[in-house]
Amino acid sequence: MKFDQFRISPEIKESIQKLGYKKPTDIQYKSIPAILKREDVLAIAQTGTGKTAAFAIPILHLLSTRKSQHKQVRCLVMAPTHELAIQIAGVFKEFGKSLKLRYLSIHGGTDQAPQIEKLQKGVDVLIATPGRMFDLVSQGHLKLDKVEILVLDEADHMLDLGFIKDIKDLMRHVPKRRQTLFFSATINETIKKLAYSLVKNAIRIQISPKDPVSKNIDHSLAFIEMDDKRFFLEDLIRNNADQKMLVFVRTKVRAERVMKALKRVEVDSDTIHSDKNQKERDATMKAFRNGDNKILIATDVSARGIDIPGVEIVINYDIPESPEQYVHRVGRTGRGREKGKAISFCSKEERELLAEIEANFSKPIERIQLSKGDYKNVVDFTDDKPQDWKSLMKEAQEMDQQFKKKKRKK
Ligand code: AMP
């Protein structure tokens, strides 16, 4: 199957060719024809599968072939985070460069005046996070009653962030007669209920149900004690110089600590988490995207859905809290048709979480065999002698408390 076989305009085909996409990915193959037929779509597909292009390509075709008689928004894409909104807008702009359509992404954390000005001039495709969008609707700067196509991207993440009420409120502002495209990386009862309340007779598309993580990713795991993880991270970075790595940790405090530990051994890295303002986050993402910084330490919320080209390795420095989180994290590598590696560091305290994750996949994650000698070598080789034993003790205690709290909640 080639892109040529889709009934889409030559301008869009040309952009696809320029971007170097040779064949549609699974999700594109399945959803493009359905969207072109104006069907509702409910797709369970993780990021990295090419899902943004799967909706952007047919939407651009539909909008460009029917001229608009007004300046109002015709397609609204809702995304959970600023970064994702910007990224989706980038995909629309890239594919729709030569079309006479206008694209805009709006999100909080920036001045709203330029956004209002652009809306007044006319926008065909609006990509928005819920907060800023509702601000503009309530101030009367944005009307959604001419929306023909509504896309909810990363719906599961939006629910995690507490946006369920916003999504329900949104329905009061968009026309009942519309096309709805619902995308989620994972599925559970709440998501199903929400999805069914929004779509009509939807075409259901599911990409690899049992193994929701991309087939292009090699998964492996090493048993490493909490206090030793930083030495193994250092070792991994040194042995994979020049590779782009995304390192996931559980909290912002840990992100900063890991960065400091790497700095002590003269390894440059950066962090992204919710304590950083939008400007800092944009600068961090830019440096990681263009390769000026190759090691990015991230918390889950700040990095979900982000499409950074060429991330070769994802490291679960801390084991994720749920199978869904594992899927989201490792989806940052092996994107589209690239290959990627996901390496997890599992301490004694985290074995229960690991078992929960593995129970959701068809086969266990491959173990990296570390002999006692190998393990000792890595710990001994570092320049970062654990002189700061007080902060190490504090870190271990905090982790321990977190696990106890989680157990009590269960
Ligand atoms: P997404 O799942 O939308 O976040 O896309 C993941 C990555 O796959 C992006 O970097 C895209 O540029 C890339 N991609 C999407 N579709 C294709 C395709 N048909 N061929 C090659 N790469 C693609």
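Right above here is the structure, for reference.
Enquirer: Explain the overall build of the protein to me, using residue names and the numbers behind them.
Expert: Helix and strand content of the protein: 17 helices and 14 strands. Here the C-alpha atoms of the protein give a radius of gyration of 22 Å, agreeing with the 22 Å that 2.2 N^0.38 yields for 410 residues. For the protein, the C-alpha atoms occupy an extent of roughly 70 × 45 × 40 Å along the three principal directions. Within the protein, buried positions represent 55% of all 410 residues. The long-range share in the protein, meaning contacts at least 24 apart out of those at least 6 apart in sequence, stands at 77%. Averaging the coordinates of the 75 positive side-chain charges in the protein and doing the same for the 58 negative ones gives two points 6 Å apart.

Enquirer: Describe the environment of G291, listing the residues and the values that go with them.
Expert: Residue placement: G291 occurs in the loop between α12 (278–289) and β11 (295–298). Expressed as a C-alpha distance, the spacing of G291 and P309, which sit 18 residues apart in the sequence, is 9.5 Å.

Enquirer: Give a description of the nonpolar core that names residues and reports values.
Expert: Core analysis: the largest hydrophobic core is formed by 43 residues, its most contacted members being F55, I57, I59, V77, F92, V151 and L181. The leading source of residues in this core is helix α3 (residues 51–65), at 9 residues. Those residues in contact with V77 that lie beyond four places of it in its chain are F55, I88, F92, V125, L126, I127, A128 and V151. Of all hydrophobic cores here, the second largest spans 34 residues; its members include V73, A128, L136 and V174.

Enquirer: Quick rundown of the side chain of N216? Include the residues and the values.
Expert: Position of N216 among the secondary structure elements: in the loop between β7 (203–206) and β8 (217–223). Of note is the side chain of N216, whose polar atom sits 3.0 Å from the backbone oxygen of E338. Ignoring sequence-local partners within four residues, the contact set of N216 consists of G334, G336, R337, E338, K339 and G340.

Enquirer: Give a detailed account of the site of the ligand, specifying residues and quantitative values.
Expert: Close to the ligand lie 15 residues; Y21, Q28, G48, T52 and R335 are nearest. In this structure, a nitrogen atom belonging to the ligand sits 2.7 Å away from a side-chain N or O atom of Q28. If you count residues domain by domain, the shell around the ligand takes at least three from each of domain 1 (3–206) and domain 2 (217–408).

Enquirer: Which residues make up the packing of aromatic side chains, and what are the values?
Expert: Aromatic ring pairs are reported here in terms of the distance separating the ring centres and the angle at which the planes meet. Under the criterion given, the structure shown has 8 aromatic pairs. Aromatic side chains F3 and Y21 sit 6.5 Å apart centroid to centroid with 35° between the ring planes, which places their arrangement in the tilted category. In this pair, F3 sits in the segment before α1 (10–19) while Y21 sits in the loop between α1 and α2 (26–36), placing the two residues 18 residues apart along the sequence. The class of Y21 is partly exposed, set by a relative accessible area of 37%. Over the face of the ring belonging to F288 we find K244, whose NZ or CZ atom lies 5.4 Å from the ring centre.

Enquirer: Could you give me a rundown of the environment of D156, with the residues and numbers involved?
Expert: Residue position: D156 is located in helix α7 (residues 155–160). Here H328 takes part through its side chain, which lies 3.1 Å from a polar atom of the side chain of D156.

Enquirer: Can you lay out the pairing of strand β2 (residues 75–78) for me, pointing to particular residues and giving the numbers?
Expert: Of the two faces of β2, both are covered, the one formed by C75 and V77 as well as the one formed by L76 and M78. As paired elements, β2 and strand β4 (residues 125–128) share 4 bridges and run parallel to each other. Looking across to β4, one finds that C75 is bridged to V125.

Enquirer: A description of the sheet that holds β8 should follow, citing residues and the corresponding values.
Expert: Spatially, the 7 strands line up as an open sheet ordered β10-β11-β9-β12-β13-β8-β14, and their pairing is parallel. Here the strands that pair on one side only, and so sit at the sheet edges, are β10 (270–272) and β14 (366–367). In this sheet, β11 lies alongside β10 in parallel orientation, the contact comprising 3 bridges. Note that in β11 the partner of T271 across the bridge is I297. Helix α15 (residues 351–358) rests against β8, β13 (340–346) and β14 of the sheet, and its axis sits at about 155° to β8.

Enquirer: Describe the packing of helix α4 (residues 82–95) against α12, listing the residues and the values that go with them.
Expert: At their nearest, the axes of α4 and α12 sit 11 Å apart, and the two run at 50° to each other. Put simply, α4 runs oblique to α12. In this structure, α4 crosses over α12, and the sense of that crossing is right-handed. For the pair α4 and α12, contact is made by H82, E83 and Q87 and by Q278, R281, M285 and R289, respectively. Grouping the constituent residues of the contact of α4 with α12 by class yields 1 nonpolar, 3 polar and 3 charged.

Here is what the cut-offs are and how they apply
- Residues numbered from 1 in each chain as written.
- Predicted model: local features only at pLDDT ≥ 70, side-chain atom pairs only at ≥ 80, totals over all residues.
- Heavy atoms only, no water.
- Helix = DSSP H or I, 4+ residues; strand = E, 2+ residues; numbered from the N terminus.
- Rg over C-alpha atoms; globule rule 2.2 N^0.38 Å.
- Buried < 20%, exposed > 50% of the residue type's maximum accessible area, 1.4 Å probe, protein only.
- Contact = heavy atoms within 4.5 Å.
- Lys, Arg positive; Asp, Glu negative; His and termini not counted.
- Charge placed at Lys NZ, Arg CZ, Asp CG, Glu CD.
- Core = buried A, V, L, I, M, F, W, Y, C linked by side-chain atoms within 4.5 Å.
- Polar contact = N/O pair within 3.5 Å; in protein donor to acceptor, adjacent residues only side chain to side chain.
- Near = heavy atom within 4 Å.
- Domains from an automatic or database assignment.
- Phe/Tyr/Trp six-rings, centres within 6.5 Å; stacked < 30°, edge-to-face > 60°.
- Lys NZ or Arg CZ within 6 Å of the ring centre and 35° of its normal.
- Pairing = 2+ DSSP bridges.
- Axes fitted to C-alpha atoms, helices over the stretch in contact; angles between N-to-C directions.
- Parallel < 35°, antiparallel > 145°, perpendicular 65-115°, else oblique.
- Left-handed = near helix turned anticlockwise from the far one by under 90°.
- Nonpolar A, V, L, I, M, F, W, Y, C, P; charged D, E, K, R; others polar.

So, to be careful, I would describe these as geometric facts and stop short of saying anything about function.
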